[in-house]
Structures are given as C-alpha cells and as structure tokens.
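Working through the structure, step by step
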Amino acid sequence: LFIKEGDVIGIDSGSTTLEIVRNLPDIPLTIVTHSMAAANAVAQNKLYSLIVLGGVLQRGANCFCGPQAISALQTLYINKLFLSASGLLLPHGLSCDNLLDAEVKQVLISSSRQVILCMDSSKIGKAYLARFATLDDLDTLITDNDISDESREAIEQHHIQVITAPPPVPTSLPELDLTRDDVAV
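The following paragraphs examine the structure supplied in this document.

What counts, and where the lines are drawn
Residues numbered from 1 in each chain as written. Predicted model: local features only at pLDDT ≥ 70, side-chain atom pairs only at ≥ 80, totals over all residues. Heavy atoms only, no water. Pairing = 2+ DSSP bridges. Helix = DSSP H or I, 4+ residues; strand = E, 2+ residues; numbered from the N terminus. Axes fitted to C-alpha atoms, helices over the stretch in contact; angles between N-to-C directions. Contact = heavy atoms within 4.5 Å. Core = buried A, V, L, I, M, F, W, Y, C linked by side-chain atoms within 4.5 Å. Buried < 20%, exposed > 50% of the residue type's maximum accessible area, 1.4 Å probe, protein only. Right-handed = clockwise from strand over helix to strand, strands pointing away.

It is worth spelling out the sheet that holds strand E12 (residues 161–164) at this point. With parallel pairing, seven strands are arranged side by side in an open sheet as E3-E2-E1-E6-E9-E11-E12. The sheet is open, and its two edges are formed by strand E3 (48–52) and E12, each paired on a single side. With strand direction ignored, the average angle separating the axes of adjacent strands in the sheet is 20°. Across five bridges, the pairing between strand E6 (residues 78–83) and strand E9 (residues 112–118) is parallel. Paired with Lys80 across the bridge in E9 is Gln114. Along the sheet face, helix H4 (residues 99–110) touches E6 and E9 and points at about 145° away from the line of E6.

What follows is the structure in structure tokens.
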C-alpha cells in the first residue's frame, strides 16, 4: 500500500512499528532506525540496506537516542516514516514518556516526506510527559478497528487518512526473542 522498491523507510521504536518491519515487502529498501529490535529484524533480509542511528541506549524504550542519532538524521532524507506514540491527545498531538526518544522522534518527522503513525486505538485520549508532534505533522494513521467514530472524525478533520487493520496474530517463535520489543510505545 505505501512502500515501493527503493524507498528509504524510517522505523521508529516500539512494538507496533516492529510489526511493520516484520511485514515489509520483500523488495530492495533502505531502512533507517534507532530501534534495536527493528534493526535485528531488518538485518534478517538481504534485500534491505540498514542504517542504524547511534547514540546512548535507552533500555526502557530499547532504542538509541542523543546527539549522535539526531546529527545522523539531519543528514538523511526519509521517504516514509512509520512512527509510534504512547499517547494521542486530541487535538493536541502525540506524546511518549521518554524525553530523549521524543527528541529523536521530532527529527525523524522533520527528515521525512510522509509520516505514518502506527498505534492501537487504546492510546487515543492519553498524554505522556514528552509531547513531540502535532496532528499537522501526520499524513496517515494506521490503527485497529476499535477506534471510535468520534476519534476517527476528529483525526480526519486534520486531513489525516485513517486506515484500520485487524490486530496482528501473536507469534511464539523462539527466534523472535532476538527482535522482541517489550516496550508499549
């Protein structure tokens, strides 16, 4: 639906964006990420070029943050960013609980041509410490079928395309332990 051969794809940290990585098409892509779990999953496909942003490991978020990640992002151009958030408070915007991760998310957004928010509907109406984006920064929201009509309408009023998808089927394959991301971002 979104991804074409040769695209430069940004992958944010988080369990929902990790599902995006696991379902990327089997075509040549360049993947930019600060997520350890996403990097491990991307590295399994030889068609993908992988750029891992450096920095200080944020154990709670399982990602690298800080000036190294921000500096690297300022030199990159991302076609499509798959972004995650801990909360989406209407009409104010997106937030997470990690200040350093929020800084990286801001630069990911500013380096991206198209921003696709991937989050389950239970996060709508919630706000956390670090606000990092407004609704005007988003092009698309991919969420589950449980989004309320009221929330959907409020989001669409900001010219954001809302796409609903069924939740992924849980997997218990042992090799996924290398790419597991327990953080509900």
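What follows concerns the nonpolar core. Formed by 35 residues in total, the largest nonpolar core has its most connected members in Leu83, Leu94, Leu117 and Phe132. If you list the elements that add at least two residues to this core, you get strand E5 (63–65), helix H3 (67–73), E6, strand E8 (93–96), H4, E9 and strand E10 (130–133). For this core, the leading source of residues is H4, giving five residues. Counting residues in each nonpolar core, the second largest holds 20 residues, with Leu18, Leu29, Ala37 and Phe82 among its members.

Pairing of strand E11 (residues 140–143) with E12 involves four bridges; the strand directions are parallel. From the neighbouring strand, Ile142 faces E12, where its bridge partner is Ile163. In this view, the connection linking E11 to its parallel neighbour E12 by way of helix H5 (residues 149–156) has right-handed handedness.

Note that every value here comes from positions in space, so none of it alone points to a role or purpose.
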